[in-house]
Protein chains: 2
Amino acid sequence: MKINTDDLSRSLEDYLEAIYQLEKKNRVARVKDIADLLNVQMPSVTGAIKILKNKNLVNYEKNSFISLSETGLTIAESVQNRHSALKDFLEKILLMPSKTAEDQACKMEHAIDPETAMRFRSCTRFFREEVLGKKIVDPARWKKIITAKQ
Amino acid sequence: MKINTDDLSRSLEDYLEAIYQLEKKNRVARVKDIADLLNVQMPSVTGAIKILKNKNLVNYEKNSFISLSETGLTIAESVQNRHSALKDFLEKILLMPSKTAEDQACKMEHAIDPETAMRFRSCTRFFREEVLGKKIVDPARWKKIITAKQ
């Protein structure tokens, strides 16, 4: 089956996000660290980096570190932002276990646009402050409602 | 870049969903109709159908109609169910335009499990009945909150 553009951009976003996280954590990103983080083979990383370099999203010379270009950084930050908006909603409002919220946010982050992410964020904040916070529904009742089998 | 299992299962779910919709609408599903619906080339459909047949998810003999097997139907219904839970939430609670909600639900449906879909549904119902319904927040104020730029 042919890979489609959506699948491709999704994978590329994953790579940008990984480089972003590694740069933050270790100051630099290496092929091996990216492969470990994304649980993929090193040749896959090299292939992805080549595409990202052609798109001017990363800086990379053979056997050196990989770093995000300015545009690459903007995209990586947008992905991170969508990720955290989704994870917060899944974990704090839908009360999904943290690990599940993390895994599903990782996949959903590529499916939504920044506008939707912002609305998820507004919804989470309103719900916490004005619904749970003002005891329109108390936490125990909310847990019962949200986990009820239908 | 190598296609990964997630991408593959996502595409296959799209095919199952398309066959489900065509069977519902036209009683039968044909390669050409699937290609039109998913906006892909006919050889891609044939390739996908072959994989689905090997997995016993569809019934198909060359030049005949395609139909879902019992397992295929169960999966297609699950995808449809996740789709409608997400679309309802995006459209009715986050007030996304219908077309955007439809497009994003189409992508998100593959990223969440049935449990998360059920919680989205419970959240939508609660919000409509007990928050908007009981005027904890009136629709005009909600629109302002949810569309506010941050």
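Residues numbered from 1 in each chain as written. Chains lettered and ligands numbered in written order. Predicted model: local features only at pLDDT ≥ 70, side-chain atom pairs only at ≥ 80, totals over all residues. Heavy atoms only, no water.

Peer 1: Looking at this structure, how should I read the overall build of chain A?
Peer 2: For chain A, the count of helices and strands is seven helices and two strands. With the principal axes as the frame, chain A shows a C-alpha extent of 60 × 35 × 25 Å. Expressed as a percentage of its 150 residues, the buried residues of chain A come to 42%. Long-range contacts, defined here as pairs at least 24 residues apart, represent 52% of the contacts in chain A between residues at least 6 apart. When the accessible surface of chain A is summed, it comes to about 8,000 Å², and 51% of that surface belongs to carbon and sulfur atoms. The distance from the centre of the 26 positive side-chain charges to the centre of the 21 negative ones in chain A is 4 Å. (Helix = DSSP H or I, 4+ residues; strand = E, 2+ residues; numbered from the N terminus. Buried < 20%, exposed > 50% of the residue type's maximum accessible area, 1.4 Å probe, protein only. Contact = heavy atoms within 4.5 Å. Areas by Shrake-Rupley, 256 points an atom, 1.4 Å probe, with all protein chains shown as cover. Lys, Arg positive; Asp, Glu negative; His and termini not counted. Charge placed at Lys NZ, Arg CZ, Asp CG, Glu CD.)

Peer 1: Looking at this structure, I do not really get the packing of aromatic side chains. What am I missing?
Peer 2: For any pair of aromatic rings, the description consists of the separation of the ring centres together with the inter-plane angle of the planes. Under the criterion given, the structure shown has 13 aromatic pairs over all chains. Ring geometry for F120(A) against F120(B): centres 6.4 Å apart, planes inclined by 85°, an arrangement best described as edge-to-face. Of this pair, F120(A) sits in helix α6 (residues 114-132) while F120(B) sits in helix α6 (residues 114-132), placing the two residues on different chains. Note on F120(A): relative accessible area 0%, which makes it buried. Relative to W142(A), the ring of F127(A) lies with its centre 4.6 Å away and its plane at 50°, an arrangement referred to as tilted. (Phe/Tyr/Trp six-rings, centres within 6.5 Å; stacked < 30°, edge-to-face > 60°.)

Peer 1: Whenever I open this one, the domain arrangement of chain A confuses me. Can you help?
Peer 2: Bring the parts together and some accessible area is lost; that lost area is often taken as the interface size. All names here are of chain A. Taken domain by domain, chain A consists of domain 1 (10-68) and domain 2 (81-147). Here the C-alpha centroids of domain 1 and domain 2 sit 30 Å apart. Contacts between the two partners involve four residues from domain 1 and, on the opposite side, four residues from domain 2. At the boundary of domain 1 with domain 2, total buried surface from both sides reaches about 370 Å², with 37% on carbon and sulfur atoms. (Domains from an automatic or database assignment. Buried area = accessible area lost by both parts, 1.4 Å probe.)

Peer 1: When you look at the interface of chain B and chain A in this model, what are you seeing that I'm missing?
Peer 2: Counting residues at the interface gives 48 residues for chain B and 48 residues for chain A. Around 4,400 Å² of area is buried between chain B and chain A when both sides are counted, 62% of it from carbon and sulfur atoms. On the surface where chain B and chain A come into contact, there are four salt bridges. Among the ionic pairs, E130(A) bridges to R141(B), the shortest N-O distance being 2.7 Å. (Salt bridge = Lys/Arg side-chain N within 4 Å of Asp/Glu carboxyl O.)

Peer 1: Is there a simple way to explain the environment of L12(A) in this structure?
Peer 2: The topology assignment puts L12(A) in helix α1 (residues 5-26). On the basis of relative accessible area, L12(A) is assigned to the buried category, the value being 7%.

Peer 1: Would you mind showing me how to read the relation of the copies chain B and chain A here?
Peer 2: Note: a rotation about an axis with an accompanying shift along it relates these two copies of the chain. Taken as rigid bodies, chain B and chain A are interconverted by a rotation of 180° and an axial shift of 0.0 Å, the fit giving an RMSD of 0.0 Å. Such a combination of rotation and displacement between the chain copies is what one expects of a two-fold axis. Relative to the rotation axis, the C-alpha of M108(B) is the closest in chain B, positioned 2.7 Å from it. A share of 100% of interface residues in chain B that are also interface residues in chain A marks the association as one of identical surfaces. (Least-squares fit on C-alpha atoms with pLDDT ≥ 70 in both.)

Peer 1: Can you help me understand the confidence of the model for chain A in this one?
Peer 2: For residues with low pLDDT, the predicted coordinates do not support detailed interpretation. Across chain A, the average pLDDT comes to 89, with 93% of residues at 70 or higher. Predicted confidence for residues 1-9 of chain A stays below pLDDT 50, and this span has 17 contacts to residues more than four positions away or in other chains. (pLDDT = per-residue confidence, 0-100.)

Peer 1: I'm lost on the state of the cysteines in this one. Help?
Peer 2: The full count for this structure, using the stated rule, is zero disulfides over all chains. C123(B) provides the cysteine sulfur closest to C123(A), a residue in no disulfide bond, and the two sulfurs are 5.9 Å apart. (Disulfide = S-S within 2.5 Å.)

Peer 1: I keep staring at the side chain of K87(A) and nothing clicks. Help me out?
Peer 2: Position of K87(A) among the secondary structure elements: in helix α4 (residues 70-93). Look at K87(A) and you get buried, because its relative accessible area is 19%.

Peer 1: What's the story with helix α5 (residues 98-108) of chain B in this structure? I'm lost.
Peer 2: Note on helix geometry: an α-helix contains 3.6 residues per turn, so any two residues three or four positions apart are oriented the same way. Those residues of α5(B) that sit buried are A101(B), Q104(B), A105(B) and M108(B). One side of α5(B) holds all its buried residues, which, seen down the axis, span an arc of 105°. Close packing links the buried residues of α5(B) with α5 (98-108) and α6 of chain A together with α4 (70-93) of chain B. (Arc of directions from axis to C-beta.)

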